[in-house]
Every structure is written in C-alpha cells, then in structure tokens.
Amino acid sequence: QRLKTGSIDFAYETKAFNYDRGIKLLADVMDVEEAGVLDCFVQAGAELERTQVAPEADAFTYAAIASHEGVTTTEAGLSNAKATDVLATLRKVTNATDEAQATPGSRYLFITPTLKGVLDDYSLANPDMSNRVLTRFCRVVEVPQARFYTKITLNSGDSEKLGYAKAADGSVINFMVVEKSVVIKFDKHVASRVFSLDELENLDSYMMKYRKYGIVELVDNKLAGVAVSAAPPIWPSKSSQPQQTLGGP
C-alpha cells in the first residue's frame, strides 16, 4: 500500500477593523426635566438605532461585500425586468456557485423588495411554472434599495447630513448571493452613555454619546461563494465630489 504525504500551511491573515462611527446627541435640560431623563434618552436612542445606526450598518455591510477585491459583480438593469428574467439570472448565479462547491445549506439571497415582489406575483399567477431556484437558498432576505449599493459615502462630522449616501461611482444592487462562512462581521465595541448636567460644564444640557467600532471583511479563499448583480453605474456631473468612499471609512 502506497501512502501519499502532504503538508499543511496554517496561518492567520490580518484583517483591519474598518468601521468606526460615533455621534453626540444633546438634550436641553428643560426638555429632560419635562420628559424625564429615562424617557428622553430611551426614545432618542431607539430612534437613533432605527433611523441611523441600523440602516448605515446594513449599507456598510453590503457595500463592503460588493466592493471587495475579487468579488464578481455582474451589471444588469433589472428595474423593468420580467420575473422570468430574474429567475434566469438567479439560476445562472446558483449554477456558478454550485459548480464552485459553495455550500447551498448556508447560502443567502439578499434582494430588493421590488424584485422579490415580482417573483412572488409571478409564482401566484403561474403556479405551474418553476421558481424552484429560490429553494437553492437557505433564506431570502429583502433589503430596501436605500441600503443596497455597491459603494457608499459615509458623511463626515462636518457634513450637515447624518449617515451615508450612494457613492458617486456606486451602483444600486439588484440582489446579492452570499455563503455565510465567507463573511467576517464583528462589532468589537458598541458604547452608549448619558452624561448628566453636572458633567458638562459649558452646556445647559444632557448628552448621549454613541460609538460603534467593528469590521466587515471577507475570507479571501472563499470568494466564489459571493455574487452580486447591480445596475450599471450612473455617473454624476464632474462638479459632484464624494467625501469618503467605502473602501474603508
């Protein structure tokens, strides 16, 4: 009996944290006195999470995946596409990831509600037609288009607007296929603290400080488990200048 021998090269690759965002919210002492500290900042914190933190974290995650070097992005204008066109595109993607031996049992489909609605209406109206390609995903997640871009701009503290926007050279994403083990996503530090009136010498206010520090990265030898379909980019006028484009914040 002949035995073949080999070797194992086991090493860690350094991945830098790439998301660090924070904000300070001030509440006038009279407003806090009338509403109560707890009610004021619990509601403010909940609204911050709902309207700013969660949408930006989602947008950052999808943009980080789509813009990662080595990820395949296919341009397709699907805004007026028929369900059969979307299904055919999804089948092409699943075929490619299947042949690359990505694991179907942990493969997710992220898709806009509009395109998902097109598929749902088609299935209801055509029960005898096949939409079995959707069974090739362990879960289908609907992502609002406002959070679904290939690249985003994170507004700086000097900007009048909070949050993010589609980058000048970014595109809207139609759908994204992701095998779970490809993604590295971890929030190392999330801090929220309310400072009282006595702690702020120069202000007649209370203050809530919020910060989130984390990473969204990909395992480079598993990129065949990711595929992105995006509309062709629409280039703005030369006068438009992005602030800070992902990439990294």
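The rules behind each value
Residues numbered from 1 in each chain as written. Predicted model: local features only at pLDDT ≥ 70, side-chain atom pairs only at ≥ 80, totals over all residues. Heavy atoms only, no water. Helix = DSSP H or I, 4+ residues; strand = E, 2+ residues; numbered from the N terminus. Expected span 1.5 Å × (residues − 1). Buried < 20%, exposed > 50% of the residue type's maximum accessible area, 1.4 Å probe, protein only. Arc of directions from axis to C-beta. Contact = heavy atoms within 4.5 Å. Pairing = 2+ DSSP bridges. Axes fitted to C-alpha atoms, helices over the stretch in contact; angles between N-to-C directions. Polar contact = N/O pair within 3.5 Å; in protein donor to acceptor, adjacent residues only side chain to side chain. Parallel < 35°, antiparallel > 145°, perpendicular 65-115°, else oblique. Nonpolar A, V, L, I, M, F, W, Y, C, P; charged D, E, K, R; others polar. Phe/Tyr/Trp six-rings, centres within 6.5 Å; stacked < 30°, edge-to-face > 60°. Lys NZ or Arg CZ within 6 Å of the ring centre and 35° of its normal.

A. Seen up close, helix 4 (residues 113-125). An ideal rise of 1.5 Å per residue puts 18 Å on 13 residues; helix 4 measures up with 18 Å between its terminal C-alpha atoms. Along helix 4, the residues classified as buried are Leu115, Lys116, Leu119 and Tyr122. Each buried residue of helix 4 sits inside an arc of 125° when the element is viewed along its axis, so together they form one side. Turned more than 90 degrees off the buried face of helix 4, the exposed positions are Thr114, Asp121, Leu124 and Ala125. Buried residues in helix 4 make contact with helix 3 (83-99), strand 3 (107-111), strand 4 (139-142) and strand 7 (173-179).

B. Fine view of the sheet that holds strand 7. As summarised here, the arrangement of the five strands in space is 2-10-7-3-4, forming an open sheet in which the pairing is mixed. Either end of the sheet is taken by a strand with one partner, and the two such strands are strand 2 (72-75) and strand 4. Shown here is a sheet whose adjacent strand axes are inclined to one another by a mean of 15°, direction ignored. Of the strand pairs in this sheet, strand 7 and strand 10 (residues 226-230) are connected by five bridges, and their pairing is antiparallel. Its bridge partner lying in strand 10, valine 177 is registered against alanine 227. Seen against the sheet, helix 2 (residues 37-66) touches strand 2, strand 3, strand 7 and strand 10 and runs at an angle of roughly 75° to strand 7.

C. Just the sheet that holds strand 9 (residues 205-218), in detail. One open sheet accounts for three strands, arranged 1-9-8; its pairing is antiparallel. Both outer strands of the open sheet, strand 1 (19-28) and strand 8 (183-195), are each paired with one neighbouring strand and no more. Neighbouring strand axes in the sheet, compared pairwise and without regard to direction, differ in orientation by 10° on average. Helix-sheet contacts for helix 2 involve strand 1, strand 8 and strand 9, and the interaxial angle to strand 9 is about 20°.

D. The side chain of threonine 97, seen in detail. When you line up the elements, threonine 97 lands in helix 3. Among the polar contacts made by the side chain of threonine 97, one reaches the main-chain carbonyl oxygen of threonine 94 at a distance of 3.2 Å. Not counting residues up to four positions away in its chain, the partners in contact with threonine 97 are Ala102, Arg107 and Ala224.

E. A look at the packing of helix 3 against helix 4. The interhelical angle for the contact between helix 3 and helix 4, taken along N-to-C directions, is 110°, at an axis separation of 9 Å. The angle between helix 3 and helix 4 places the two elements in the roughly perpendicular class. On helix 4, the residues touching Ala83, Thr84, Val86, Leu87 and Leu90 of helix 3 are Leu115, Val118, Leu119 and Tyr122. Across the contact of helix 3 with helix 4, the residue classes tally to eight nonpolar, one polar and no charged.

F. Molecular detail of the packing of aromatic side chains. Scanning all chains against the criterion turns up seven aromatic pairs. Each ring, one from tyrosine 62 and one from phenylalanine 148, has its centre 5.0 Å from the other, and the planes form 75°; the classification is edge-to-face. Of this pair, tyrosine 62 sits in helix 2 while phenylalanine 148 sits in the loop between strand 4 and strand 5 (152-154), and the two are 86 residues apart along the sequence. Here the aromatic residues Tyr62, Tyr108, Phe110 and Phe148 are joined through ring pairs into a cluster of three or more. In this arrangement the basic side chain of arginine 107 is found over the ring face of phenylalanine 137, its NZ or CZ atom lying 5.6 Å from the centre.

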